[in-house]
Protein chains: 2
Amino acid sequence: MSSAPPILEIKDRKQQLVADLRRSEILAAATQVFGDNGFEATRMEEIARAAQLAKGTLYLYFQSKDEIYQATVQQAIVELAALTEEHIGKESHFAGRFAAFIRVRIAFWQEKQSLYRVILSLSRDNHHRQRSMAWQLGAVRQLQAIFETAAAAGEIPPQDFLAAAWTTMDAIRGVNERRVFADQDARSTEDDTLFLTQFLLTALGAAGR
Amino acid sequence: MSSAPPILEIKDRKQQLVADLRRSEILAAATQVFGDNGFEATRMEEIARAAQLAKGTLYLYFQSKDEIYQATVQQAIVELAALTEEHIGKESHFAGRFAAFIRVRIAFWQEKQSLYRVILSLSRDNHHRQRSMAWQLGAVRQLQAIFETAAAAGEIPPQDFLAAAWTTMDAIRGVNERRVFADQDARSTEDDTLFLTQFLLTALGAAGR
């Protein structure tokens, strides 16, 4: 996936750095505006204003609201996958790796609640839903690989790892949605993480947890 | 919850039966139209036409599209809860009751795919999302009671049954959503039901499954 802006012509490395920085600023501003107003109600003018750019300048970077939205989520997904890898890499056993996977995904969206709300609000239409499933699929594959490594090491018995990965993702998504939308009697991030980890480790038949 | 129409004045029992029947016909027609066109694009005229009623007659029963939608889902939820109770009632042990709970919920929405699509497409906005959470809460409570009975009988160890019930609902919802939206390489209802049942029974520490 290239991060090159669509129209802007980049002539040298310094210009590239400035363009990348500005792109990041636009995405951060857009996340804020989408979160405050919802996706539908947001206009390009407002994103430009929040990013302290002229509207024309904004269009040098992104041609539409949808393009900005895609780039924003894409950036978050890449960041989350990297963060997950980093935390998993520190663990030497399956139980620790699985716990890290769950912990990172709950903590990450807890921190990016307003973006998470936008993603949920958009997942209703079929076009967005297909994209959202594709984004989830990346994490499902990551988890499936963790399961297969664990099975190879004798830490969990062989089973339908694809189904188990989707169920894990569904359970994490449920917790994250309730954290974002039904926050009145929300439990702590730690409680949610601990419960899910224990419950699913048991389901997977993980020894020595 | 009263099923009395909002405007129509009912004078005797026969009239009541006719009104109830017509109400059911309207809800069936509406489910079809919502499923075909989506909620937003549907107009009251189209529901009236599908139910073979004059628009004015339709308004005797329901004052808005949203009211029809609510009544449609409410009817499905009541039907699903009754169906669940019926199948659970036939089982004498926890594993059977839990399997029945999952089986009924997957089979039910498989059969009512077009209504399920409408519910999913609406759950994006906050108003609808709150309602959808309230609908789910009914099933969560039903499941929690099943868990508590099983624990009292020594079939599963005591644990956080509310969290376990939500996780079960999340897992079923995930399966149902993928069945409805990513149907290209869908697994059979039986495979999905069996996997979830075994996986979650293990998570719950159910003995003798």
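Residues numbered from 1 in each chain as written. Chains lettered and ligands numbered in written order. Predicted model: local features only at pLDDT ≥ 70, side-chain atom pairs only at ≥ 80, totals over all residues. Heavy atoms only, no water.

Participant: Is there a simple way to explain the side chain of Glu155 of chain A in this structure?
Facilitator: On the secondary structure map, Glu155 of chain A appears in the loop between α7 (126-152) and α8 (161-181). Note on Glu155 of chain A: relative accessible area 18%, which makes it buried. (Helix = DSSP H or I, 4+ residues; strand = E, 2+ residues; numbered from the N terminus. Buried < 20%, exposed > 50% of the residue type's maximum accessible area, 1.4 Å probe, protein only.)

Participant: What exactly am I supposed to notice about the packing of helix α8 (residues 161-181) of chain B against helix α9 (residues 189-204) of chain B here?
Facilitator: Packed helices, taken two at a time, are described by the angle their axes make and the gap between the axes. All names here are of chain B. Their axes nearest at 11 Å, the elements α8 and α9 cross at an angle of 160°. In terms of orientation, α8 lies roughly antiparallel with respect to α9. In the crossing of α8 with α9, the sense of the turn from one axis to the other is right-handed. Across from Ala164, Thr168, Ala171, Ile172, Val175 and Arg179 in α8, the residues of α9 making contact are Thr189, Asp192, Leu196, Leu200 and Leu204. Of the residues assigned to the contact of α8 with α9, the class counts are seven nonpolar, two polar and two charged. (Axes fitted to C-alpha atoms, helices over the stretch in contact; angles between N-to-C directions. Parallel < 35°, antiparallel > 145°, perpendicular 65-115°, else oblique. Left-handed = near helix turned anticlockwise from the far one by under 90°. Contact = heavy atoms within 4.5 Å. Nonpolar A, V, L, I, M, F, W, Y, C, P; charged D, E, K, R; others polar.)

Participant: Help me out: how do you make sense of the interface of chain A and chain B in this one?
Facilitator: Accessible area lost upon the coming together of the parts is a frequently used measure of interface size. The interface is formed by 31 residues belonging to chain A together with 31 residues belonging to chain B. Both sides of the chain A and chain B interface together cover about 2900 Å² of buried area, and 59% of this is carbon and sulfur. Counting across the chain A and chain B interface gives six salt bridges. A salt bridge links Asp170 of chain B to Arg178 of chain A, with the nearest nitrogen and oxygen atoms 2.8 Å apart. Joining chain A to chain B, the criterion identifies six residue pairs in polar contact (both at pLDDT 80 or more). (Buried area = accessible area lost by both parts, 1.4 Å probe. Salt bridge = Lys/Arg side-chain N within 4 Å of Asp/Glu carboxyl O. Polar contact = N/O pair within 3.5 Å; in protein donor to acceptor, adjacent residues only side chain to side chain.)

Participant: I keep staring at the relation of the copies chain A and chain B and nothing clicks. Help me out?
Facilitator: These two copies of the chain differ by a rotation about an axis and a displacement along the same axis. Mapping chain A onto chain B calls for a rotation angle of 180° and an axial translation of 0.0 Å; the resulting RMSD is 0.0 Å. Taken together, the rotation angle and the small translation identify this as a two-fold axis. The rotation axis passes nearest to the C-alpha of Ala203 of chain A in chain A, at a distance of 1.9 Å. Mapped onto chain B, 100% of the interface residues of chain A again fall at the interface, so both copies present the same surface. (Least-squares fit on C-alpha atoms with pLDDT ≥ 70 in both.)

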